[in-house]
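Remarks on the overall topology
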Amino acid sequence: MVVAIYSTLGWLPTLAKFLRDRGLIDGVFMLGLILIGTAILAQGLRWRPHGAEIGVALGIVAAYLLVFARMAIPEERTHLIEYGVVAVFVNEALTERVSQGRRVPVPALLAVLATAMVGLLDECIQAFLPNRVFDYRDILFNGLAAVMAVAASVALAWARRWRNRNRPK
């Protein structure tokens, strides 16, 4: 995922301008959200979620929709998706290490920090590209994306564990 993000540094502004000039950028972004939502729903149905998991999932969806609605520039919204995916991948990898008996102190915090560092590096690279701009707000969006995604992942894992503990035997 990190390679995918970094590989778009040179040509993504051109694509964004192309889509914006034709009035397609919001539609393409919504299509991306629908595809992501469909993938999440398909995965969720495989787990057969119940009460607490559904409640947590609906809260997560509401939080993301509120943040998306407040972000006026569609390109800024992509940070929440890109770096959210990176954060979840890193968090899952660290959590897997813990389940294998490895010592990983506070995997969720490490996932957020690692993702924030990837985002910082992304912005530093952009400072040297002629068609890109270093922006402190993007660093904040990347960090926000990491926090939101890891918090959502941890909350869903908690709801799953809670359900399994309270399941009738």
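Preceding this section is the structure that the text describes.
In this report, the structure presented in the accompanying data block is examined. This structure is a prediction, so every number in the text was calculated from the model and none was measured. (Residues numbered from 1 in each chain as written. Predicted model: local features only at pLDDT ≥ 70, side-chain atom pairs only at ≥ 80, totals over all residues. Heavy atoms only, no water.)

1. Points about the overall build of the protein
Secondary structure assignment for the protein yields 7 helices and 0 strands. Its helices and strands taken in sequence order, the protein reads α-α-α-α-α-α-α from the N to the C terminus. Expressed along its principal axes, the backbone C-alpha trace of the protein runs to roughly 60 × 35 × 25 Å. Taking all 169 residues of the protein together, 30% fall into the buried category. (Helix = DSSP H or I, 4+ residues; strand = E, 2+ residues; numbered from the N terminus. Buried < 20%, exposed > 50% of the residue type's maximum accessible area, 1.4 Å probe, protein only.)

2. Describing the nonpolar core
Side chains of nonpolar character tend, in soluble globular proteins, to be buried together. Residues Ile60, Tyr64, Phe68, Leu80, Tyr83, Ala87 and Val150 are the most contacted members of the largest nonpolar core, which totals 24 residues. Of all the secondary structure elements, the ones that give two or more residues to this core are helix H3 (25-47), helix H4 (51-70), helix H5 (74-99), helix H6 (107-126) and helix H7 (136-165). Here the element with the most residues in this core is H7; it accounts for 7 residues. Setting aside residues up to four positions removed in sequence, Ile60 forms contacts with Ala152 and Leu156. (Core = buried A, V, L, I, M, F, W, Y, C linked by side-chain atoms within 4.5 Å. Contact = heavy atoms within 4.5 Å.)

3. Concerning H6
The end-to-end C-alpha distance of H6, which contains 20 residues, comes to 29 Å, matching closely the 28 Å that a straight helix rising 1.5 Å per residue would cover. Pro107, Ala111, Val112, Thr115, Val118, Gly119, Asp122, Glu123 and Gln126 are the residues of H6 that are buried. Projected down its long axis, H6 carries its buried residues within an arc of 155°, all on one side. (Expected span 1.5 Å × (residues − 1). Arc of directions from axis to C-beta.)

4. Looking at the pattern of salt bridges
Under the defined criterion, the tally for this structure stands at 2 salt bridges. Where Lys17 meets Asp21, a salt bridge forms, and the shortest distance between an N and an O atom there is 2.7 Å. Of this pair, Lys17 and Asp21 both sit in helix H2 (residues 12-21), 4 residues apart, which is roughly one turn of that helix. The exposure class of Lys17 is partly exposed, given its relative accessible area of 47%. Close ionic contact of Asp135 with Arg137 constitutes a salt bridge, the shortest N to O distance being 3.0 Å. Residue Asp135 is classed as buried on the basis of its relative accessible area, which comes to 16%. (Salt bridge = Lys/Arg side-chain N within 4 Å of Asp/Glu carboxyl O.)

5. Examining unusual backbone geometry
One non-glycine residue with positive phi stands out, namely Val106, at about 45°. By the secondary structure assignment, Val106 is in the loop between H5 and H6.

6. Quick notes on the packing of aromatic side chains
Scanning the model with the defined rule gives 1 aromatic pair in all. Geometrically, the ring pair formed by Phe134 and Tyr136 is edge-to-face, given 5.0 Å between the ring centres and 90° between the ring planes. A relative accessible area of 29% means that Phe134 is categorised as partly exposed. Tyr136 gets classed as exposed once you look at its relative accessible area, which sits at 63%. (Phe/Tyr/Trp six-rings, centres within 6.5 Å; stacked < 30°, edge-to-face > 60°.)

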